[in-house]
Amino acid sequence: MPATVVVGGFYGDEGKGKILSYLSVVDDVDLGVRGGVGPNAGHTVVFKGKEFKLRQIPSAFVNERTLLLIGPGVLINPEVLFNEIQITGTENRIYVDKNCGIIERRHIELDSSDSHLKGTVGTTGTGTGPANAERVLRKLKIARDVPDLQKYLGDVPEMVNEAVDSGKKVLIEGTQGTFLSLWHTDYYPFCTSKDTTASAICSDVGLGPKKVDDILVIFKSYVTRVGGGPLENEYSEDEARRLGMLEIATVTGRKRRSAPFNFKLAKRAVMLNSATQVAITKLDVLFPEASGAKRYEDLPRGARDFIDKVEDELKVPVTLVGTGKDIMEIVDMRKDKL
Ligand code: IMP
Ligand code: MG
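Given the structure is predicted, the values throughout are model-derived calculations rather than measurements.

Student: Residues and numbers for the pattern of salt bridges, please.
Tutor: Tallied over the entire structure, the rule returns 27 salt bridges. Where glutamate 247 meets lysine 220, a salt bridge forms, and the shortest distance between an N and an O atom there is 2.9 Å. Of this pair, glutamate 247 sits in the loop between α8 (237–242) and β11 (257–260) while lysine 220 is found in strand β9 (residues 214–220), placing the two residues 27 residues apart along the sequence. In this structure lysine 220 comes out as buried when scored by relative accessible area, which is 1%. Within the structure, one salt-bridge network assembled from shared partners comprises Asp13, Lys220, Glu247, Arg256 and Lys282.

Student: Let's hear about the site of ligand 1: which residues, and what values?
Tutor: Near ligand 1, the surroundings consist of 17 residues, among which Asp13, Asn40, Thr124, Gln176 and Thr192 are the closest. Between an oxygen atom of ligand 1 and a side-chain N or O atom of asparagine 40, the distance comes to 2.9 Å. Between ligand 1 and the protein, one listed contact pairs an oxygen atom with a side-chain N or O atom of threonine 124 at 2.6 Å. Starting from 470 Å² of accessible surface for ligand 1 in isolation, the protein chains cover 96%. Split by residue class, the shell around ligand 1 holds six nonpolar, nine polar and two charged.

Parameters and conventions
- In this convention, every chain numbers its residues from 1, walking through the sequence in written order.
- To label them, take the chains in the order written and letter them from A, then take the ligands in the order written and number them from 1.
- At least 70 in pLDDT is required for a residue's local features to be given in this predicted model, at least 80 for side-chain atom pairs to be given and counted, and no such filter applies to totals for whole chains, interfaces and linings, which use all residues.
- By convention in this description, side-chain values take in all heavy atoms of the structure and omit both hydrogens and water.
- By convention in these notes, a salt bridge is any Lys or Arg side-chain nitrogen within 4 Å of a carboxyl oxygen on Asp or Glu.
- Helical segments are the DSSP runs of H or I of at least four residues, strand segments are the runs of E of at least two, and each set is numbered from the N terminus.
- Relative accessibility thresholds used throughout: buried, under 20% of the residue-type maximum; exposed, over 50%; partly exposed, between the two (1.4 Å probe, protein chains only).
- Working definition: residue near molecule or strand if any one of its non-hydrogen atoms lies within 4 Å of it.
- Any pair of N or O atoms that falls within 3.5 Å is considered a polar contact. Within protein, one atom must be able to donate a hydrogen and the other to accept it, and sequence-neighbouring residues count only if both atoms are side-chain atoms.
- Per-residue accessibility takes into account occlusion by the displayed protein chains alone, with areas from the Shrake-Rupley method and a 1.4 Å probe.
- Gly is put with the polar residues, along with every residue not named as nonpolar or charged; the nonpolar set is Ala, Val, Leu, Ile, Met, Phe, Trp, Tyr, Cys and Pro, and the charged set is Asp, Glu, Lys and Arg.

In structure tokens:
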């Protein structure tokens, strides 16, 4: 720990919500800080038999002791935020930076009607692109100007730096994935409206690169993508269904397209994010016998070989492996190796 940044290594939906919430509980983090684009991201957290689908609130909310912060680089849709504060009961421990940009109805309308955004790019229609465009023009409303947000406002960079400087555990949450980055996408313009790599996530929350200890890049055991753009070795919908890889997107309800794990992309993601650790999620989809396993020894041979191959190719240790939906269904190789 002290300061760990978690980002997605492919096209989003790698299972960041699950890994983040697991870490918040097991490492007992003091601060969960969300960077990233905004409510276009859907993080799913299954905890104690309950499923949460969150778009604004840090996934670390499952630890009742953890303070929840949203960095100035993140866009806020107040309606979505208030609803999630209620669902999660986090009213008394959430802080929104005063400089967060605000999404308004007209941004959502444009995002879901513009032929380029909706038609070609296939955005989530949540207004993030148009709001970021307005932010660049310096016309966007920010959190400090919204009366209903006043009671949640804070100086997030100050809180994050103070926590890191005093040795507290800080978990910085990225959204989307490396190849949805506006700069580092593999297929422009099929990308989101901001950079999504670890450097950008740090900037979103106001933490300089020298203060980061660990960068955990999350890969799913296969690749998925929603919206437009090419996808290397894409499975047909029938094939994806047969393989158990046909997923439905959290925010938009669209079917996700899928493809096998891509080592070339994964290596590039390790490079772009300077990964110090890697997590692999949904290994139970590739290896059903791995379902629910919590120890490396309990994984089937094929699953262990896959993990070894990922370490060999990426030259970064695999520290966490997801084997089921619940946040506690994880093989934690940090523990295994202690
Ligand atoms: P936007 O971020 O809504 O502008 O959408 C741009 C592209 O990024 C589209 O292909 C979206 O499907 C994709 N995208 C944005 N956020 C996410 C996410 O959280 N998961 C997966 N894809 C996303
Ligand atoms: Mg998602």
